[in-house]
Structure formats: structure tokens, C-alpha cells
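# Observations on the model geometry
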Amino acid sequence: TQAADPSARETGTIRLFPPNSTFGFIARCGCADLFFHINDCEPGAADVLRRGDGVEFTTQMDGRGRLRAVGVTLVESNQMAPPASRAETIQPET
């Protein structure tokens, strides 16, 4: 795995990060969406991220040669999206 260049920070928007998931995707303007894992978020960031939030990150190639986001931090909260606790469980409808 290649080390990330801290000077090459990019910005994007959380496109998908379902509750109870350990991964999500970041939308970038004019580029393909980037995968991220909660272990690649800065401490505490994974607990507050939700769809539509603005984030900052660096990119890194994984062991399979795929680009992913690392060092993900929240830079702009989407106040309109309902908060989704990472500890919640999805209850089936009855």
C-alpha cells in the first residue's frame, strides 16, 4: 500500500454511508466515486458522517491497485440529512 501525500488533500461529498456499514463512497466532481472504510477516517469522523456531508481526504492505492480515500475528515455537515447513529440497528418493518 502506498502512503498518502498529506499535501494532496481533496474534497468531496458523502454519497453513500449506510448505518451499520463499515464502508461508504465519496462523490467527487468530474471523477469516479471513491471507496472509504471507517478505519480510514480520522478519529470520531465515522461517528458523525452522513449522506451529503462535505469531506476532505487524500487518496491512496490499495493492495489491489484501486484508488481509495484515506484520512477522511468532516468539513461541512449536511444539516438537512437525518443523523444516523453508527450504533443503530435497522429494524425490519412489521
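Here the structure is shown first, and the text comes after it.
To keep things clear, this report deals only with the structure shown in the data block. The model shown is predicted, which means the values in this text are computed figures rather than measured ones. Numbers given to residues run from 1 along each chain, matching the order in which its sequence is written. Predicted model: local features are reported for residues with pLDDT of at least 70 only, side-chain atom pairs are reported and counted for 80 or more only, and whole-chain, interface and lining totals are derived from all residues. Excluded from the side-chain calculation are hydrogens and water; included are all heavy atoms of the structure.

### So, the overall build of the chain
Strands are runs of DSSP state E lasting at least two residues, helices are runs of H or I lasting at least four, and both sets are numbered from the N terminus onward. Each helix and strand counted, the chain has one helix and five strands in total. Relative to its full complement of 94 residues, the chain shows a buried share of 32%. When contacts within the chain are restricted to residue pairs at least 6 apart in sequence, long-range pairs at least 24 apart make up 56% of them. Total accessible area computed for the chain in this model is approximately 6,100 Å², and 53% of it derives from carbon and sulfur atoms. With a 1.4 Å probe rolled over the protein chains alone, any residue whose accessible area is under 20% of its type maximum counts as buried; one over 50% counts as exposed, and the rest are partly exposed. Contact between two residues is taken to exist if any of their heavy atoms lie within 4.5 Å; hydrogens are not considered. Each accessible area value is a Shrake-Rupley result obtained with a 1.4 Å probe; residue values ignore everything except the protein chains displayed when judging cover.

### Here we look at the packing of aromatic side chains
Any two rings among Phe, Tyr and Trp, with Trp reduced to its six-membered ring, count as a pair given centres within 6.5 Å; such a pair is stacked if its planes are under 30 degrees apart, edge-to-face if over 60, and tilted if neither. Applying the stated rule across the entire model yields four aromatic pairs. A ring pair is formed by F23 and F25, whose centres lie 6.2 Å apart and whose planes are at 85°; its orientation type is edge-to-face. Residue classification places F25 among the partly exposed residues on the basis of a relative accessible area of 23%. The interplanar angle of 25° and the centroid separation of 5.8 Å between the aromatic rings of F23 and F35 together place this pair among those described as stacked. A residue pair is termed long-range when its members are at least 10 positions apart, and F23 in strand β2 (residues 23–28) and F35 in strand β3 (residues 31–37) qualify at twelve residues. Assessed through its relative accessible area of 27%, F35 is described here as partly exposed. Site record: aromatic cluster; members linked through ring pairs are F23, F25 and F35.

### Some remarks on the pairing of strand β4 (residues 54–61)
Only strands joined by at least two bridges in the DSSP assignment are considered to pair. Looking at chain direction, strand β1 (residues 10–16) and β4 are connected through four bridges and run antiparallel. Bridge pairing in β4 links G12 to V55. Judged from the seven bridges that link them, β4 and strand β5 (residues 67–76) form a sheet pairing that is antiparallel. If you follow M61 over to β5, its bridge partner there is L67. The turn joining β4 and β5, which pair antiparallel and follow one another in sequence, is formed by five residues; a positive phi near 80° is taken by G65.

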